[in-house]
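So you can see what is in the structure, the chains are spelled out below.
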Amino acid sequence: MTALPTTVAEVRSTSLLSADFIARLERLEIVSRKIHSARQRGDRRSRRRGDSAEFADYRNYVSGDDLRHIDWNIYARLDRLFLKLFFEEEELNVSILLDVSGSMSAGAPEKALYGKRVMAALAYVGLCNHDRVNLCAYTNRVVRARWGFRGRRSLPEVLSFIDALPVGGASGFVGAAREFAMRHTQKGVCVVVSDLLDKQGFTAGLPYLVGRRMDAYVVQTLSPQELAPELAGDLALVDAEDGEVAEVTISRPLLDRYMSRLEEHRAAIRAYCLRRGVSFVTTSTAQPFETLVLGYLRGRGLLR
Amino acid sequence: MTFLSLKAGLWAAAAVVPLLILLYFLKLKRQRREVSSTLLWRRAVEDLRVNAPFQRLRRNLLLFLQLLLLAAVLAGIAEPVARFLRTSRPRVVILLDRSGSMRATEADGRPRLEHAREAAEAFVASLPAGTEAMVVSFGASPAVVQPLTSDLRRVAAAIREIEPTDEPTRIEQALQLAMAYSESNSAAAAGAESENAAAEDDRSLDTGAGLDIEIFSDGNIADAEPTDRAGARMRLHRVGEATDNVGITMLDVRRDADRPGMVFVFAEIENFGREAVTTDVSLSLEGRPISGPGSVQAVALGAAEDEGAPGSAGVSSGDGGSRGNVLFEFEHGAGGEVRLEVHRADALASDNVACAVVAPPRAASMLVVSGRPRALAVLVKAAEALGVGELRTMSPGEYESAAEGEIAAGGRLRFDLAVFDQHETDRLVPGGYAFFDSLPKMDGVSWSRTVERQPIVYGRNEHAIMRNIDYETLYISRWREAILPPRALRLLEGPDSAAISYLEDAGRRFVIAGFDLLESNLPLAEAFPMLIQNMLTSMSASGAADSGRSPRTGDSIMVTPPAGATRVTVTRPDGAREAAAVRAVADFALGELRGAGVFRLSFDDPAGTTKAVAVNVEDANESRIRTKGAVRIGGEEVDIVGAERPTNVPLWKYAVAAALAALALEWWVYHRRVMI
């Protein structure tokens, strides 16, 4: 087994991210449509009025305000005291939630590996931009989580963490989202990477993210075998998560109904996300994930 | 609970059940495939099931198969039949021939009766529900095996119980019995419907209408008396193809009148097959071949001609005809059993052997009572010609005044035969009596009218007394018709009255001839000594087992028990034993001679008397196993049905089989990939 990289130089070429791709990620940054606050000062504008050089607004002077921020030009014209307000430069919380349930182990290319790469790419972008990166792996609960990765120097640890994530168990986003929301109260950007094949209902967990007023993104990854099943005959389909068996006889009508159900499933989640301001992206693991990151996610405004 | 077609059901189950089980196991062998989630697959399968009824009616193999299955089941419920000969009558009488010819072995090794039973059962199975049927078996006499019933399963079971016999074929009584049963049931039904039906107008009931008489036989039926079938329809289901048979048609054992120690065995052998044969005939005495040369004789017999062809039989060996005679003679001073055997394996074995019981040498005894010298002379002359050992003559007065010991011994007539010429008497101890132009004085016996110048049209030659009597040359100018009890038999008849009758009463056997011997040509005919001989041998007080012709199957013979006997044990040829009480003054009736062979009687008298009675087939009609081209019963030619072809072939079984096949195919298609 190859030893995990421990330096930035070593991680420039790993099983998750290629060297070339890493170089391209360094030019990106994660964008939040909703400007969030963090405890520490970061590189992000905040809607809060702060001490940055960027003018934001005026307000009436009250006793005790900093006299250095009085706009003397306005006083000369209007003979009234107004205070300049500037945007606060704050830190962005980037949380990436990766579904590591049993269903993610299926597919060729494997969905879990694909998801780990997406998680690693987004985490690297966040680290490069001094964002506070939180990584969370879930099934029907949060199975692994690391909070507050900062700076590029954290990349080896990030990759190590992602690489070691186990895959298996039953899906249940609602439980995982609840637990995440309880443990992570900060606003920020939240990206959920999953196949959304959750028997308990994926959308039941989104309110926990939306309620924290996070800038949520949902990235659905499906394998080509799920998008266009190549099955035939009398089969006993075994669920990779709970072992449930569905006896089917593959026929054209059945395949047609499956495709319809798949589209309805996606459409339902898409509509739900749209109504709640959650961005929804769906992709196949056959799609190069670089295309997903550099193309689709940039197109949705998550990256720029 | 029983099943009408158990075999068909088992065959269908054996074919289809393993197939369905096999398909079921095939169904279970699904290939397991791991998928990321069954979430969407379950929803898709459920959609397919829910939406299936609402799909457009396209070319659907499963639907077609299910419709085919439904059509087949519905066809089976409708009970289709292939109708060749439809029985639309509600009542059926099944007459099954159990006579000797039905023992003939067919090409498949099974007796002809078994084929007839199968054909009858198949016919019963084809009858529509609600048909009333009854089963009557017939040989020498009929027997109701199953009274009229609508339970066809009981009818089929009754058919299976019928066993073969060696009896001759007499269908007349069976037809009368069938009509009587039908009439009694119809009358009961009609009586319930109409209480005002006139009893004297029985024809209005038309009991024969709605009645089918189905006869299962090989067709070797002697022409029965014309019977008023009153509208009943009669059909013959003919069975039997075997033709090869050589049989003994007559056996006569006699002692030489001049040399009582010498025994003559005369037999007639006939070939009924299509090929000429030469066969050996042997004679054994007490189980051992008789001594001397000639214990085995070869007989050459020609092929039997088709019935009706002229010149179809010869009468002596070697002349090319189908009949041949053999004569054995041997010295034997005691009694014993002789056995004549034709050494040939053919279709009917029961007529290859004939037995006879030879009585110890004993001269017959006869009493003649007459007041007319001429009549007395005629009777004495006949007796002397027969070699009667003791001949006594009396006048009527002498007879009436004779001492008891002169006439009787041990309560029985001490003579084999007492002949009365124009003398009526009531002094009649148990024994054999012949009355010419006179009657025994007893209740129920009297004269009726006088018949003049009537021809003799019928003689009951099958009766022991009338055997070998050629009646066609007899002429009787006039006779008086006797009023006798209904059980009396007519032995010689004119167009509408009996000239000679036979009556049995309380151990006494009477031959009653209503004419004057001297007003007929009987004393001059060859038949006269034969008539006397027959009466001597069959009517003697010692019984009918002395000598001459043995009784034949179907006969009912009377045996005189010895003095002091109260019980008799009868051992039949098949070994079955039965006991019965006997009275010293009454003959014991040995009835139900259904099988050929030797019957042994053991009495419980102080002497422990045993008697043997040999019963043979000796019936050319039964030995002629080749079926006839046309059969006449009651003066009418009977419709013949191929007995191997059932009348109504039910087809519902095929419909159900088709339904099962469609079900199996539909199951298979449903679980395969269907290209729609």
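Conventions used here
- Throughout, residues of each chain are indexed from 1 in the direction in which the sequence is written.
- Chains and ligands are labelled by the order in which they are written, letters from A for the one and numbers from 1 for the other.
- Selection of residues for local features in this predicted model requires a pLDDT of at least 70, selection of side-chain atom pairs for listing and counting requires 80 or more, and totals for whole chains, interfaces and linings are taken over all residues.
- Calculated side-chain values reflect all of the structure's heavy atoms, with hydrogen atoms and water omitted.
- Runs of H or I in DSSP of at least four residues are treated as helices and runs of E of at least two as strands, each being numbered from the N terminus.
- The classification of residues rests on relative accessible area computed with a 1.4 Å probe and restricted to protein chains. Under 20% of the type maximum is buried, over 50% is exposed, and intermediate values are partly exposed.
- Whether two residues are in contact is decided by their heavy atoms, any of which lying within 4.5 Å being enough.
- Note on areas: these come from Shrake-Rupley sampling with a 1.4 Å probe, and a residue is covered only by the protein chains present in the view.
- Between any two strands, pairing holds if DSSP finds at least two bridges.
- For helices, the axis comes from a line fit to the C-alpha atoms of the stretch in contact; other axes are also lines fit to C-alpha atoms, and the angle between any two N-to-C directions lies between 0 and 180 degrees.
- Once two parts are brought into contact, the accessible area they lose, counted with a 1.4 Å probe and summed over both, makes up the buried area.
- Think of a salt bridge as a Lys or Arg side-chain nitrogen and an Asp or Glu carboxyl oxygen that are within 4 Å of each other.
- Within 3.5 Å is the distance limit for a polar contact, defined as a pair of N or O atoms, with the added protein rule that one can donate a hydrogen and the other accept it, and that residues adjacent in sequence qualify only through two side-chain atoms.
- Aromatic pairs are defined between Phe, Tyr and Trp rings, using the six-membered ring for Trp, whenever the two ring centres lie within 6.5 Å; interplanar angles under 30 degrees are classed as stacked, those over 60 as edge-to-face, and all others as tilted.
- In this scheme, Lys NZ or Arg CZ marks a charge over a ring once it lies within 6 Å of the ring centre and within 35 degrees of the ring normal.
- Here, nonpolar core refers to any group of buried Ala, Val, Leu, Ile, Met, Phe, Trp, Tyr and Cys residues whose side-chain atoms link them within 4.5 Å.
- Expected helix span is computed as 1.5 Å times (number of residues minus one).
- Relevant arc is that of directions from the helix axis to the C-beta atoms, nothing else.
- To count toward a patch, a residue needs a relative accessible area over 30% and no salt bridge; like charges are then connected within 9 Å, while nonpolar side chains (Val, Leu, Ile, Met, Phe, Trp, Tyr) are connected within 5 Å.
- When the strands point away from the viewer and the connection leading from the first strand across the helix to the second strand turns clockwise, the crossover is called right-handed.
- pLDDT is a residue-level measure of predictor confidence that goes from 0 to 100.

1. Focus on the overall build of chain A
Okay, so step 1: Each helix and strand in chain A was counted, giving ten helices and ten strands.
Okay, so step 2: Within the span of chain A, comprising 304 residues, buried residues form 51% of the whole.
Okay, so step 3: Long-range pairs, those at least 24 residues apart, make up 75% of the contacts in chain A between residues at least 6 apart in sequence.
Okay, so step 4: Roughly 13,600 Å² of accessible area belongs to chain A as shown, and the carbon and sulfur atoms make up 48% of that amount.

2. Some thoughts on the sheet that holds strand β34 (residues 610–615) of chain B
Residue and element names in this part refer to chain B.
Okay, so step 1: Pairing is antiparallel across the open sheet formed by four strands, whose spatial order is β31-β30-β33-β34. The open sheet has two edge strands, β31 (577–581) and β34, and neither has a second partner. The sheet shows a mean angle of 20 degrees between the axes of neighbouring strands, direction not considered.
Okay, so step 2: Bridge count for strand β33 (residues 597–603) against β34 is six bridges, and the pairing is antiparallel. Within the sheet, the bridge partner assigned to S602 lies in β34 and is T610.

3. A closer look at the pairing of strand β30 (residues 567–571) of chain B
Residues and elements named next belong to chain B.
Okay, so step 1: Of the pairings in the sheet, the one linking β30 to β31 comprises five bridges and is antiparallel in character. Note on β31: the bridge partner recorded for T569 is A579.
Okay, so step 2: Where β30 folds back on β31, the antiparallel hairpin that results is connected by five residues, among which G575 adopts a positive phi of roughly 95 degrees.
Okay, so step 3: In this sheet, β33 lies alongside β30 in antiparallel orientation, the contact comprising four bridges. Across the sheet, the residue bridging to T571 is R600, located in β33.

4. Overview of the interface of chain A and chain B
Okay, so step 1: Contacts between the two partners involve 36 residues from chain A, matched on the other side by 24 residues from chain B.
Okay, so step 2: With both chains or domains summed, chain A and chain B bury close to 3,100 Å², and 60% of this area falls on carbon and sulfur atoms.
Okay, so step 3: Counting every contact that joins chain A to chain B gives four salt bridges.
Okay, so step 4: For the salt bridge of B:R42 with A:E244, the shortest nitrogen-to-oxygen distance reads 3.3 Å.
Okay, so step 5: Across the chain A-chain B interface, the total number found is 16 residue pairs in polar contact (both at pLDDT 80 or more).

5. So, unusual backbone geometry
Backbone phi values are negative for most residues with the exception of glycine, while trans is the configuration of most peptide bonds.
Okay, so step 1: Across the junction of A:A108 and A:P109, the peptide omega takes the value 5 degrees, indicating a cis bond.
Okay, so step 2: Assignment of secondary structure puts A:P109 in the loop between β3 (93–99) and α4 (111–128).
Okay, so step 3: In the Ramachandran plot, A:D79 falls in the positive-phi region, its phi being about 60 degrees despite a non-glycine side chain.
Okay, so step 4: Here A:D79 is to be found in the loop between α3 (72–78) and β2 (82–90).
Okay, so step 5: Classification of A:D79 as exposed rests on a relative accessible area of 56%.
Okay, so step 6: With a phi angle near 50 degrees, B:Q422 is a residue other than glycine that sits in the positive phi range.
Okay, so step 7: Positionally, B:Q422 belongs in the loop between β20 (417–421) and β21 (431–436).
Okay, so step 8: Under the relative-accessibility criterion, B:Q422 is labelled partly exposed at 37%.

6. Description of the packing of aromatic side chains
Okay, so step 1: All chains considered together, the criterion is met by 14 aromatic pairs over all chains.
Okay, so step 2: Consider the rings of B:Y433 and B:F510, whose centres lie 5.7 Å apart with planes at 25 degrees: the pair is stacked. With a gap of 77 residues between them, B:Y433 in strand β21 and B:F510 in strand β27 (residues 508–513) connect regions that are remote in the sequence.
Okay, so step 3: For B:Y433, a relative accessible area of 0% gives the class buried.
Okay, so step 4: What links up through ring pairs into an aromatic cluster is the set B:Y399, B:F420, B:Y433, B:F435 and B:F510.
Okay, so step 5: Seen from the ring of A:Y272, A:R276 lies directly overhead, with NZ or CZ sitting 3.5 Å from the centre.
Okay, so step 6: In this structure, B:R427 packs its charged tip against the face of B:Y399, placed 5.9 Å from the ring centre.

7. A look at the sheet that holds strand β5 (residues 142–149) of chain A
Residues and elements named next belong to chain A.
Okay, so step 1: An order of β5-β4-β3-β6-β7-β10 is seen for the six strands of this open sheet, with the pairing classed as mixed. Each end of this open sheet is capped by a strand with a single partner; those strands are β5 and β10 (279–284). Sheet twist, expressed as the mean angle between neighbouring strand axes with direction ignored, is 15 degrees.
Okay, so step 2: Pairing analysis gives six bridges linking strand β6 (residues 189–194) to strand β7 (residues 215–222), with the strands arranged parallel.

8. Comments concerning the nonpolar core
In globular proteins that are soluble, nonpolar side chains generally tend to be buried together.
Okay, so step 1: Core analysis: the largest hydrophobic core is formed by 46 residues, its most contacted members being A:L17, A:L25, A:L135, A:V293, A:L297, A:L302 and A:L303.
Okay, so step 2: The set of elements that each furnish at least two residues to this core consists of α2 (19–25), β3, α4, β4 (132–138), α5 (155–163), β6, β7 and α10 (289–299) of chain A.
Okay, so step 3: Top element by residues in this core is α4(A). It accounts for eleven residues.
Okay, so step 4: In this view, A:L297 contacts A:L122, A:V219, A:V281, A:L292, A:L302 and A:L303; residues no more than four positions away in its chain are not counted.
Okay, so step 5: If you look at the next biggest cluster of nonpolar residues, it comprises 38 residues, including B:L379, B:V451, B:A513 and B:A525.

9. Some thoughts on helix α7 (residues 373–385) of chain B
Because the α-helix completes a turn every 3.6 residues, residues three or four places apart line up on one side.
Residues and elements named next belong to chain B.
Okay, so step 1: Compared with an ideal rise of 1.5 Å per residue, which puts 13 residues at 18 Å, α7 spans 18 Å between its outermost C-alpha atoms and is within 8% of the ideal.
Okay, so step 2: Looking at α7, one finds that the buried residues are A375, L379, V380, A382 and A383. The buried residues of α7 all sit within an arc of 160 degrees when viewed along its axis, so they share a single face. With respect to the buried face of α7, the exposed residues turned more than 90 degrees away are P373, R374, K381, E384 and A385.
Okay, so step 3: On its buried face, α7 is in contact with β16 (365–370), β17 (390–394), β20 and α10 (527–539).
Okay, so step 4: Taken from the residues just after α7, G387 is the one with a positive phi, measuring 75 degrees.

10. Structural notes on a nonpolar patch on the surface
Okay, so step 1: Together, A:W72, A:Y75 and A:L81 make up a nonpolar patch on the protein surface, roughly 290 Å² of accessible area in all.
Okay, so step 2: Its location among the elements puts A:Y75 in helix α3.

11. What about the environment of B:M262?
Residues and elements named next belong to chain B.
Okay, so step 1: By the secondary structure assignment, M262 is in strand β9 (residues 262–271).
Okay, so step 2: Taking relative accessible area as the criterion, M262 reaches 10% and is therefore assigned buried.
Okay, so step 3: Each C-alpha atom of the pair M262 and G333 lies 7.4 Å from the other, and the pair is 71 residues apart in sequence.
Okay, so step 4: When neighbours within four sequence positions are excluded, M262 is seen to be in contact with R254, R255, D256, E329, F330 and E331.

12. With respect to the pairing of β17(B)
Consecutive side chains along a regular strand alternate between the two faces of the sheet.
All names here are of chain B.
Okay, so step 1: When β16 meets β17, the two strands line up parallel, connected through five bridges. For M366, the partnering residue across the bridge sits in β17 and is L391.
Okay, so step 2: A crossover connection joins β16 to the parallel β17 through α7; in handedness this β-α-β unit is right-handed.

13. Considerations on the confidence of the model for chain A
Okay, so step 1: For chain A, per-residue confidence averages 82 on the pLDDT scale, and 84% of positions sit at 70 or higher.
Okay, so step 2: Across residues 1–9 of chain A, confidence stays below pLDDT 50; counting only partners more than four residues off in sequence or on other chains, it has eleven contacts.

14. Topic: helix α5 (residues 152–160) of chain B
Residues and elements named next belong to chain B.
Okay, so step 1: Along α5, the residues classified as buried are L152, V155, A156, A158 and I159. Taken around the axis of α5, the buried residues stretch over an arc of 160 degrees, which confines them to a single face.
Okay, so step 2: Measuring from the backbone nitrogen of R153 back to the side-chain oxygen at the start of α5 gives 3.1 Å, which picks out D151 as the cap.

15. Digging into the pattern of salt bridges
Okay, so step 1: For the structure on display, the rule yields 47 salt bridges over all chains.
Okay, so step 2: Across the salt bridge formed by B:E114 and B:R110, the nearest N and O atoms sit 3.1 Å from each other.
Okay, so step 3: According to the relative accessible area criterion, B:R110 is partly exposed, its value standing at 22%.
Okay, so step 4: In this structure, B:R508 and B:D505 form a salt bridge, with 2.5 Å as the shortest nitrogen-oxygen distance. When sorted by exposure, B:R508 lands in the same class as B:D505, which is buried.
Okay, so step 5: Overlapping salt bridges, with partners in common, bring together A:K199, A:D239, A:D242, A:E244 and B:R42 in one network.

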